Amino acid sequence: MSTMISSNKVPIGFLFLLLIIVMATTASAGNFYQDFEITWGDSRAKILNGGQQLTLSLDKASGSGFRSKNEYLFAKVDMQMKLVPGNSAGTVTTYYLSSLGGAHDEIDFEFLGNLSGDPYILHTNVFTQGKGNREQQFYLWFDPTADFHTYSILWNPHNIIFSVDGTPIREFKNLESRGVAFPTNQPMRLYSSLWDADNWATRGGLVKTDWAQAPFTASYRNFNAQVPAQSWMGQSLDSTGLARIRWVQKNYMIYNYCTDLKRFPQGLPAECSLA
């Protein structure tokens, strides 16, 4: 993604303050024992290969999940994931940053399972001060169950950039000066889970989870998190990155809240026109 971003200067004093606030003080090169804790699912979540890999499983009794031990106030996060193969209808695999509380901030990747042979849906959302409703959904240009692929979040004071294998797919700009809330002051942890959502996940809940296929398993490796650094705290998309986003959104986007006039009859959210 480094070839698709440009930089704006960030004051050194501001960076120093962030380094005090952020609980994670160094870049993490990804040992799951050191960086994460299993939060639910008991033995359905497993750390393997000396901490180099993690798997989450879902059966009819329960799903599973984990979260980072560290909190981040601005971060550049990468995770390689291999999603549930075969008939994954009804399942949801999540990977997101979130703070706590009713007025929480959140930056979401969610992967909605499907019948064998049908594509996964990559669902993205941004919550600010407890308010979401900013969904964009995509098909992927590869089979996310055949191998590991890298899913990245760049969150700095200027924007949030979602990327897949280094290709940006979505940008949410900081438009606070124009009255649009942006996550700037709540540290977030990284969370992931695999759970049953067959009441809505696949074709609006029409296709149910086939428990004969259980357990369903998603795999994770090569986690990397960078805390605020001058090299990326001012990054935004350059012309190449903007061109790649346009390519993805033209060819693979299947839903955009900013074009859903039926959902917002009183007018689209402000950022849809300002961005």
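- The protein chain is annotated in an unreviewed UniProt entry as Xyloglucan endotransglucosylase/hydrolase of Stylosanthes scabra.
- As stated in UniProt under Sequence similarities (unreviewed entry), the record for the protein chain gives "Belongs to the glycosyl hydrolase 16 family."
- Turning to the protein chain, the UniProt annotation filed under Function (unreviewed entry) states: "Catalyzes xyloglucan endohydrolysis (XEH) and/or endotransglycosylation (XET). Cleaves and religates xyloglucan polymers, an essential constituent of the primary cell wall, and thereby participates in cell wall construction of growing tissues."

Considering the nonpolar core
When a protein is soluble and globular, its nonpolar side chains tend to lie buried together.
Link 1 in the chain: Ranked by size, the top nonpolar core spans 59 residues in total, and within it Met79, Phe109, Tyr151, Trp155, Ile160, Tyr220 and Phe223 carry the most contacts.
Link 2 in the chain: In this structure, Val92, Ile121, Ala197 and Ala201 belong to the second largest nonpolar core, which totals five residues.

What about the pairing of strand β9 (residues 121-127)?
Link 1 in the chain: With seven of seven residues buried, β9 is to be regarded as a mostly interior element.
Link 2 in the chain: For strand β8 (residues 106-112) and β9, the ladder comprises seven bridges, and the chain directions are antiparallel. Pairing of leucine 112 across the sheet is with isoleucine 121, part of β9.
Link 3 in the chain: Here β9 pairs with strand β10 (residues 136-138) via three bridges, running antiparallel. Its bridge partner lying in β10, leucine 122 is registered against phenylalanine 138.

Conventions and cut-offs
Residues numbered from 1 in each chain as written. Predicted model: local features only at pLDDT ≥ 70, side-chain atom pairs only at ≥ 80, totals over all residues. Heavy atoms only, no water. UniProt positions renumbered as here; feature names shortened; annotations may be inferred. Core = buried A, V, L, I, M, F, W, Y, C linked by side-chain atoms within 4.5 Å. Buried < 20%, exposed > 50% of the residue type's maximum accessible area, 1.4 Å probe, protein only. Helix = DSSP H or I, 4+ residues; strand = E, 2+ residues; numbered from the N terminus. Pairing = 2+ DSSP bridges.

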